[in-house]
Amino acid sequence: MQQIRKDHHYVPKLYLKNWAQEGLINTYRLLVPNENTALWKKQSLKGIAFHQHLYTYLAGQEETDEFERWLDIEFENPAAEAIRRVVQNDRMSPEHWRRLVRFAVSLDVRTPARLKDFIHRQNDSLQALMDQSMRRSVDRLEAAARRNEPLPSYSENKDALSLFKISIEGSPCGGGYAKAETVVGRRMWIWQMKQLLTSTLGRLPAHKWTVLQPPGGMSWPTSDNPLIRLNFQDATNYDFGGGWGAKNGDIMLPLSPRHLLYTCVGNRVWRRGTVLDAPTAQLIRNIIIEHADRYIFAQEPGDIHLR
């Protein structure tokens with residue numbers, strides 16, 4: 001049997017290495033123990049942007065890290081050559097772009113920041129959704145019984161059904177009620193990620209992507225929440241609630257201190273290699289920093305804390 005990996009890097013080392021020197025990366029922590037803590041610290045790539053057993057879950061009676069391995073095989077490893085070509089300013093084929101975008105989508109869903117967002121959304125809306133779904137299912141079953149038809153069968157995969165406990169309790173008068181229970185947590189999050197990265201990913205609209213560069217004397221940082229989906233009105237009016245198909249939405253991902261993957265949904269984009277003017281680049285830097293969850297990474301320590 002394969003030994004289960006316990007350190008799950010939600011920001012892959014193959015991505016962060018573009019900001020590292022000799023295996024160490026300059027890290028700025030947004031939360032520190034006290035005011036005397038150094039602003040910047042060099043961290044090992046192995047020792048940053050990971051949680052133990054973040055993607056581990058029970059399959060039957062045993063723990064599995066198959067989702068962690070699946071991310072490696074399907075998204076990280078295939079993107080390695082595409083990222084290298086971007087950083088080296090080499091020619092990109094359509095397949096390289098496809099693999100790069102798949103990698104970007106995987107980064108969007110797999111971080112602890114996204115886990116917190118997921119749990120918050122489910123706590124707000126899952127109860128009503130489950131109630132509605134159960135009522136529809138009961139109505140269909142009762143209608144089929146009244147017509148003496150075979151009860152409908154369901155083809156949902158077993159992985160999805162395992163997230164819910166369905167029970168039917170009778171009453172003395174001959175009726176009864178159906179009840180559905182679930183736990184909002186990592187297991188449901190992992191299931192949703194796999195759904196997004198399989199069925200949903202294939203239905204995402206095609207966008208024209210480019211790579212943008214900062215002007216001289218400036219560089220792109222990145223963070224532990226690196227993929228940004230932006231609703232942008234102006235420099236003082238924007239939020240991070242953009243979607244992959246939202247018209248005029250900006251999607252960006254730093255790939256190195258000199259390379260920023262970018263698209264604007266439904267619009268033409270700058271030519272690859274365009275060097276942005278200083279005010280635009282500074283605004284993007286601020287947005288990258290603001291989008292961080294706990295850590296900001298940079299090739300060289302700078303004035304990020306003064307932004």
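You'll find the structure just up there.
Treat the numbers as computed from the prediction; the structure is a model and nothing was measured.

Asker: Honestly, the packing of aromatic side chains in this entry has me stumped. Any pointers?
Answerer: In this description, an aromatic ring pair is defined by two values, namely the gap between the centres and the angle between the planes. Applying the stated rule across the entire model yields twelve aromatic pairs. A centroid spacing of 5.2 Å and a plane angle of 50° characterise the contact between Y15 and W19, whose relative ring orientation is tilted. W19 carries the same exposure label as Y15, and that label is buried. With a centroid separation of 6.1 Å and 20° between ring planes, the pair formed by F232 and Y238 is classed as stacked. The exposure class assigned to Y238 is partly exposed, which follows from its relative accessible area of 22%. In this structure an aromatic cluster arises from ring pairing among Y55, F67, W70, F75 and W189. The residue whose ring lies beneath R187 is Y57, and the NZ or CZ to ring-centre distance is 3.9 Å.

Asker: In this structure, what is going on with the sheet that holds strand β3 (residues 40-44)? I would like to understand it.
Answerer: Hydrogen bonds between backbone atoms are what pair the strands of a sheet, whose relative direction is either parallel or antiparallel. Within the open sheet, the four strands sit side by side as β3-β2-β15-β10. Their pairing is antiparallel. Every interior strand has two partners, whereas the edge strands, β3 and β10 (222-223), have only one. The pairing of strand β2 (residues 24-29) with strand β15 (residues 295-298) spans four bridges and is classified as antiparallel. Considered in β15, the bridge of N26 is made with A298.

Reading the values: rules and limits
Residues numbered from 1 in each chain as written. Predicted model: local features only at pLDDT ≥ 70, side-chain atom pairs only at ≥ 80, totals over all residues. Heavy atoms only, no water. Phe/Tyr/Trp six-rings, centres within 6.5 Å; stacked < 30°, edge-to-face > 60°. Buried < 20%, exposed > 50% of the residue type's maximum accessible area, 1.4 Å probe, protein only. Lys NZ or Arg CZ within 6 Å of the ring centre and 35° of its normal. Pairing = 2+ DSSP bridges. Helix = DSSP H or I, 4+ residues; strand = E, 2+ residues; numbered from the N terminus.

Function cannot be read off these values alone, since they describe shape.
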